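This is what each chain is made of:
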Amino acid sequence: MPDLLGCTEPRVYTPPNRELTEYTSHGFAAIAFAEKMLHMTLFPWQQWLLIHGLELNEDETYRWRTVVVEVARQNGKSAVMIVLALWHMYVLKSRTVVGTAQNLDLATKAWKEAVALARNDEELAEMIPADGVYLGHPKQLMIVHNEDDVERTSEYRVTADARGFSGDLLLLDELREQKNWDDWAAIANTMNARPKAQAWCFSNAPGAEGVVLRYLRAIAHRELGWPDDDADIQGAILGEVEALPEFEDMPEVDFDTGFFEWSMAPGLPRNQIGRASCRERV
C-alpha cells in the first residue's frame, strides 16, 4: 500500500473527558468488528473518529448525543456510516438504524454497501431472514437475534427524512444541505424514546445557505475558545441564525454534541492542503 497522506486528528475537535481505552469508548469494539466481521481495514482518521465519537460516560451512556463530522468528499465517510450501522445491529442489537440525506441516493448507496458486506460474511448472513432485505421504499435490512428461544429483530432503513421513526442510531449525510431547521428538529424527536441513541451527522464544509451546519460549527468554535481567532465572524453567524423567525421553533442545542472538523487552516493556500494544515502526517 502506498504511503497515506493526510491527518489522523481533525484540526478542530472537542477533546475527550478522559483517556480513551476499550473501557471508556466503544470505538475500539467497532473497529474490531469492522476488521474481523466486515473484513475492512479502516484508515487511521476513521479509527480515530470512531474512538472519539463513541466515547462513554461512566454510566455507559454515550457522551455525545449528537456527533457532527466535517470532512472533505472522497475520504471514506460512507465507510464510517456502514461500520456504525452494522455494528449497532449485530453487536449492540439496536432495534432501529435510520439512514437519511438531502440526496437520498447517498444514503441508499451506503445502505446497499452495508447489505453486501453483511451478506459477504457467512456468520452475519445467517442472521438475515429470507425476507430480510426489502428493496421498496423505505429500503430495509433486517436481521434476527435468537436468544433463549426469543427472537429479536434489528433493522437498518433508509428514508427521505427521520420523521415518524424512533431510532437508536441516526445517520445523516450532507448536513451542509440543510437550509432550514425542519430536519434538525426531527432528529430530536427520532431519539426521544432512546436514552442511548446517537445521531451522526456528516458533511463537507458549509456553504452560505447551510444554516444548520454553519450554526453548529460556530457554537463548537465558541465552546473551543475560537480556535481560528475569528470570534467576530463566527459570532455574527450565531446572531444571524438566531435572528431567523424559524429559529424559535428549533430544539435547544444543549451541546452534548461532539464536533470533529478536518479542514485547512484559515488563509492557507490551496496547494498547501494536507501539509501545514495537518498536526500529524499519517
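Up top you'll find the structure we're talking about.
Residues numbered from 1 in each chain as written. Predicted model: local features only at pLDDT ≥ 70, side-chain atom pairs only at ≥ 80, totals over all residues. Heavy atoms only, no water.

Student: Help me understand the sheet that holds strand 2 (residues 66-70) in this model?
Tutor: Adjacent strands of a sheet pair through backbone hydrogen bonds, lying either parallel or antiparallel. Within the open sheet, the 9 strands sit side by side as 1-9-2-8-7-3-6-5-4. Their pairing is mixed. Looking at strand neighbours, the two that pair on one side only are strand 1 (12-13) and strand 4 (133-134), the edges of this open sheet. On the sheet, helix 2 (residues 44-53) packs against strand 1, strand 2, strand 8 (198-203) and strand 9 (257-261) and is oriented at approximately 145 degrees with respect to strand 8. (Pairing = 2+ DSSP bridges. Helix = DSSP H or I, 4+ residues; strand = E, 2+ residues; numbered from the N terminus. Contact = heavy atoms within 4.5 Å. Axes fitted to C-alpha atoms, helices over the stretch in contact; angles between N-to-C directions.)

Student: Got a minute to help me understand the pattern of salt bridges in this structure?
Tutor: In a structure, side chains of opposite charge can pair up when their charged atoms sit close to one another. The final tally for this structure, using the stated rule, is 13 salt bridges. Where E174 meets K77, a salt bridge forms, and the shortest distance between an N and an O atom there is 3.8 Å. In this pair, E174 sits in the loop between strand 7 (169-173) and helix 6 (182-191) while K77 sits in helix 3 (residues 77-92), placing the two residues 97 residues apart along the sequence. If you follow the salt bridges from partner to partner, you end up with R11, E70, R217, D228 and E261 in one network. (Salt bridge = Lys/Arg side-chain N within 4 Å of Asp/Glu carboxyl O.)

Student: Would you take a moment to explain the nonpolar core for this structure?
Tutor: Nonpolar side chains in soluble globular proteins generally cluster together in the buried interior. The biggest cluster of nonpolar side chains holds 54 residues, and the ones touching the most others in it are L49, L86, Y90, Y156, L171, W200 and W262. Apart from the residues lying within four places of it in its own chain, the contact partners of Y90 are F33, A118, L124, M127, I128, I143 and H145. If you look at the next biggest cluster of nonpolar residues, it comprises 25 residues, including L170, V212, I237 and V241. (Core = buried A, V, L, I, M, F, W, Y, C linked by side-chain atoms within 4.5 Å. Buried < 20%, exposed > 50% of the residue type's maximum accessible area, 1.4 Å probe, protein only.)

Student: I'm lost on the packing of helix 1 (residues 27-36) against helix 2 in this one. Help?
Tutor: A pair of packed helices is captured by two measures, namely the crossing angle of their axes and the spacing between those axes. Two elements in contact, helix 1 and helix 2, have axes whose closest approach is 7 Å; the angle formed by their N-to-C orientations is 140 degrees. On the basis of the axis angle, helix 1 is oblique to helix 2. Contacts between helix 1 and helix 2 involve G27, F28 and I31 on the former and, on the latter, Q47, L50 and I51. For the contact of helix 1 with helix 2, a count of residues per class yields 4 nonpolar, 2 polar and no charged. (Parallel < 35°, antiparallel > 145°, perpendicular 65-115°, else oblique. Nonpolar A, V, L, I, M, F, W, Y, C, P; charged D, E, K, R; others polar.)

Student: So what exactly am I meant to see when it comes to helix 4 (residues 104-120) here?
Tutor: Along an α-helix, residues three or four positions apart point the same way, because every turn accommodates 3.6 residues. Look at helix 4: 24 Å from first C-alpha to last across 17 residues, which is about the 24 Å you get at 1.5 Å a residue. On the buried face of helix 4, the contacting elements are helix 3, strand 3 (96-101), helix 5 (122-125), strand 4, strand 5 (140-147) and strand 6 (150-158). (Expected span 1.5 Å × (residues − 1).)

Student: Help me understand the packing of aromatic side chains, please; the structure alone is not making it clear to me.
Tutor: Two aromatic rings, taken as a pair, are described by how far apart their centres are and by the angle between their planes. For the coordinates displayed, the defined rule picks out 6 aromatic pairs. With 5.0 Å between their ring centres and 70 degrees between their planes, W45 and W262 make a pair best called edge-to-face. Here the residue W45 occupies a position in helix 2, and W262 occupies one in the segment after strand 9, the gap between them amounting to 217 residues. With a relative accessible area of 8%, W45 lands in the buried category. (Phe/Tyr/Trp six-rings, centres within 6.5 Å; stacked < 30°, edge-to-face > 60°.)

Student: Would you mind going over the packing of helix 3 against helix 4 with me for this structure?
Tutor: Between helix 3 and helix 4, the least distance of the axes is 9 Å, while the angle of their chain directions is 50 degrees. As the angle between them shows, helix 3 and helix 4 are arranged oblique. Of the two elements, helix 3 crosses helix 4, and the hand of that crossing is right-handed. The segment helix 3 lies against helix 4, with I82, L86 and Y90 engaging A110, E113, A114, L117 and A118. In terms of residue class, the contact of helix 3 with helix 4 is made up of 7 nonpolar, no polar and 1 charged. (Left-handed = near helix turned anticlockwise from the far one by under 90°.)

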